[in-house]
Amino acid sequence: MSTSNTPPGNRREFLGTLTKLTALSTIGFSPFAGLAAPLKKQTNSLSAGPYLQAVGPTSMSIRWITAAPSYSWVEFGETAELGQKAHAVTDGLVDAYNRVQEVLVEELIPGKTYFYRIVSKEIMDFQPYKLVYGETIQSEVYTLATVNPMATELNWLVLNDIHDRPDSFNELVQLNGADPYDFVFLNGDMFDHQTDEQQIIDHLLTPCTNTFATKKPFLFVRGNHETRGKYARQLKDYFTNPGGQFFSFEGGPVFAIALDTGEDKPDNAEVYAGIVDFDQYRRRQAVWLEKQLQSKAARKAKYRVVMMHIPTFYSGDWHGTMHCRELFSPLFDKYKVDLVISGHTHKYGVHPPVEGQHNYPIIIGGGPKEGKRTLIKVKATQKELNVWMLNDDGTEVGRYIIS
Ligand SMILES: [Fe+2]
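Residues numbered from 1 in each chain as written. Predicted model: local features only at pLDDT ≥ 70, side-chain atom pairs only at ≥ 80, totals over all residues. Heavy atoms only, no water.

Colleague: How should the pattern of salt bridges be read in this particular structure?
Modeller: For side chains of opposite charge, pairing can occur when their charged atoms come near one another. In this structure the tally under the stated criterion is 16 salt bridges. For Arg 282, the salt bridge identified is with Asp 279, shortest N-O distance 2.9 Å. Here Arg 282 pairs with Asp 279, and both are found in helix 4 (residues 278-294), just three residues apart, close to one helical turn. In terms of burial, Arg 282 and Asp 279 fall into one category: buried. (Salt bridge = Lys/Arg side-chain N within 4 Å of Asp/Glu carboxyl O. Helix = DSSP H or I, 4+ residues; strand = E, 2+ residues; numbered from the N terminus. Buried < 20%, exposed > 50% of the residue type's maximum accessible area, 1.4 Å probe, protein only.)

What follows is the structure in structure tokens.
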């Protein structure tokens, strides 16, 4: 579950010593400290978040972005009084003088509601032997629940193909009404292409934070559009999935797998200018996928569900689709995948198994224009796996039940 660059062991250690942290706003380390350069006048503010990422039975990853370089931490506890504190440590150094914040809080109690807030203290001046702190900002107190490993059901929402339409997050998630859900899964093409950090903030992080992400985590797998643009290589710095760009996780009766299906055209297509290599990447995922499906957790799970942006069928015959079909579909059949949820085509549909083609149903969400957008709801219980697809006016436009 730990996906940041600090080994879990280190993080556990620092949790034990947190209360000893000094609260001094200026720490001088040397007699030469007074020789610092003039202080930069900045006002710190929260640029994005907090937004919850990978949440497990005993851990949670909380992210946010500050306007100014800061030292940041999370205050948390079982009541609104909080009382505990966690910060991130990498190789002995507490993460600091950074803007994109991530704190993994560990050693939590499974299936429990926690209160938390994020805190960032601006670092105004960072000299080798003198550090000057500025303003401290903090969020309000929110709640989140750790995963209950004994849960008998799992509920989640799927969004796909938002394509830089930030209002869609709220408009689609609110269609869920008051039904319980554990997390939201973003199934690719949230953007048209990657331009800069502001786009990630304005078109994904802020609408998700405002809609649900302070209390429910989201997981995000790329579509073919997230691989495009000058900021595509930085995109992953803003998100924490349980294991990387393609990943698996368990919850209730479900073993879920997220595949990163890559680009839709061949790697040597002129528009990619020689700087993509998705064939090799997909082949590597196929090897990983087979191991995942052979695992005890996958075999003993009641339902095996795959989420991937480009579906293996019903999305034309371009290279991306055909390569996904060739590599992944035989494994889905062989290891009895129960359900595949995709997007990409912008045309929603429910496609039951077809003898000789695919033994698993494929649910494809729509988008991105009004009237074509969908919210997919999945409810997995001990009795059945239920999938609904709602159009953006709330009409049920697809339904599939696996008993
Ligand atoms: Fe799309």
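Colleague: What am I meant to see in helix 6 (residues 319-334) here?
Modeller: Residues spaced three or four apart along an α-helix point in a common direction, a consequence of the helix completing one turn every 3.6 residues. Taking 1.5 Å per residue as the helical rise, helix 6 with its 16 residues ought to reach 22 Å, and the 23 Å between its terminal C-alpha atoms agrees with that figure. A bend of about 40 degrees at Phe 328 is the largest found in helix 6, and the proline Pro 330 appears one to four places after it. Where helix 6 is concerned, the buried positions are Gly 320, Thr 321, His 323, Cys 324, Leu 327, Phe 328, Ser 329, Leu 331 and Phe 332. On its buried face, helix 6 is in contact with strand 15 (254-259), helix 4, strand 16 (303-308) and strand 17 (339-342). Immediately downstream of helix 6, the backbone of Lys 336 shows phi near 55 degrees, a positive value. (Expected span 1.5 Å × (residues − 1). Bend = angle between axes of the 7 residues up to and from the residue. Contact = heavy atoms within 4.5 Å.)

Colleague: Whenever I open this one, the nonpolar core confuses me. Can you help?
Modeller: Within soluble globular proteins, side chains that are nonpolar tend to cluster in buried spots. Of all hydrophobic cores here, the largest spans 29 residues; its most connected members are Leu 159, Leu 186, Leu 204, Leu 205, Phe 218, Phe 220 and Phe 239. Counting residues per element, this core draws most heavily on helix 3 (residues 197-213), at seven residues. Domain assignment of the residues forming this core places at least three in each of domain 1 (8-145) and domain 2 (154-402). Setting aside anything within four residues of it in sequence, one finds Leu 186 in contact with Leu 159, Phe 169, Leu 204, Phe 218, Leu 219, Phe 220 and Val 221. Core analysis: the next-biggest nonpolar cluster, separate from the first, contains 26 residues, Trp 156, Phe 183, Ile 341 and Tyr 400 among them. (Core = buried A, V, L, I, M, F, W, Y, C linked by side-chain atoms within 4.5 Å. Domains from an automatic or database assignment.)

Colleague: For this particular structure, what's the right way to read helix 3?
Modeller: The terminal C-alpha atoms of helix 3, which comprises 17 residues, lie only 18 Å apart, well short of the 24 Å expected from a rise of 1.5 Å per residue. The sharpest bend along helix 3 comes to roughly 35 degrees, located at Leu 205, with the proline Pro 207 sitting one to four residues further on. In terms of residue burial, helix 3 counts as a mostly covered element, since 12 of its 17 residues are buried. Those residues of helix 3 that fall on the buried side of the exposure criterion are Glu 197, Gln 199, Ile 200, Ile 201, Leu 204, Leu 205, Pro 207, Cys 208, Thr 209, Thr 211, Phe 212 and Ala 213. Structurally, helix 3 contributes buried residues whose contacts are with strand 2 (46-55), strand 3 (60-77), strand 7 (96-105), helix 2 (167-173), strand 12 (183-186) and strand 13 (218-220).

Colleague: Sorry, what's going on with the packing of aromatic side chains here?
Modeller: For any pair of aromatic rings, the description rests on two quantities: the centre-to-centre distance and the angle between the ring planes. On inspection of all chains with the given rule, the structure shows 20 aromatic pairs. For the pair Tyr 97 and Phe 126, a centre-to-centre distance of 5.0 Å together with 65 degrees between the ring planes defines the contact as edge-to-face. With Tyr 97 in strand 7 and Phe 126 in strand 8 (residues 113-127), the pair connects residues that are 29 residues apart, well separated along the chain. Among the residues examined, Tyr 97 registers a relative accessible area of 36% and is labelled partly exposed. Connected via pairs of aromatic rings, a cluster forms that spans Tyr 51, Phe 212, Phe 218, Phe 220 and Phe 239. Its guanidinium or amino end placed over the ring of Tyr 133, Lys 121 lies 4.1 Å from that ring's centre, counting from NZ or CZ. (Phe/Tyr/Trp six-rings, centres within 6.5 Å; stacked < 30°, edge-to-face > 60°. Lys NZ or Arg CZ within 6 Å of the ring centre and 35° of its normal.)

Colleague: Even after reading the chapter, I still don't get the environment of Gly 320, so can you show me in this structure?
Modeller: Mapped onto the fold, Gly 320 is located in helix 6. Residues Gly 320 and Asn 224 lie 96 residues apart in sequence; the distance between their C-alpha atoms is 8.9 Å. Apart from residues no more than four positions distant in its own chain, Gly 320 is found in contact with Glu 263, Asp 264, Arg 282 and Ile 310.

Colleague: Would you mind showing me how to read the coordination of the iron ion here?
Modeller: Around a metal, the idealised angle for a tetrahedral arrangement of four donor atoms is 109.5 degrees; for an octahedral arrangement of six donor atoms it is 90 or 180 degrees. The protein atoms that coordinate the iron ion are Asp 161 (OD), His 163 (NE2), Asp 189 (OD) and His 346 (NE2), at distances of 1.9 to 2.3 Å. The site at the iron ion holds four donor atoms, and with the angles between them running 87 to 167 degrees, its shape is irregular. In terms of primary sequence, the donors binding the iron ion are separated according to D-x1-H-x25-D-x156-H. Placement of the pair is Asp 189 in the loop between strand 12 and helix 3 and His 346 in the loop between strand 17 and strand 18 (349-351), with a sequence separation of 157 residues. When its relative accessible area of 1% is taken as the criterion, Asp 189 is described as buried. (Donors = N, O, S within 2.8 Å, 3.2 Å for Na, K, Ca; no water. Tetrahedral: all angles 85-135°; square planar, octahedral: opposite > 155°, others 65-115°.)

Colleague: What is the right way to read the pairing of strand 8 from this model?
Modeller: On any regular strand, side chains alternate: one points to one face of the sheet, the next to the other face. In the sheet, strand 3 pairs with strand 8 via eight bridges, with the strands oriented antiparallel. By the bridge assignment, Val 74 is partnered in strand 8 with Ile 118. Summarising the sheet, strand 8 and strand 10 (residues 142-145) pair through four bridges and their orientation is antiparallel. If you follow Tyr 114 over to strand 10, its bridge partner there is Leu 144. Pairing between strand 8 and strand 9 (residues 130-138): seven bridges, direction antiparallel. The partner of Asp 125 across the bridge, within strand 9, is Val 132. Here strand 8 hands over to strand 9 after two residues, the two strands then running antiparallel side by side. (Pairing = 2+ DSSP bridges.)

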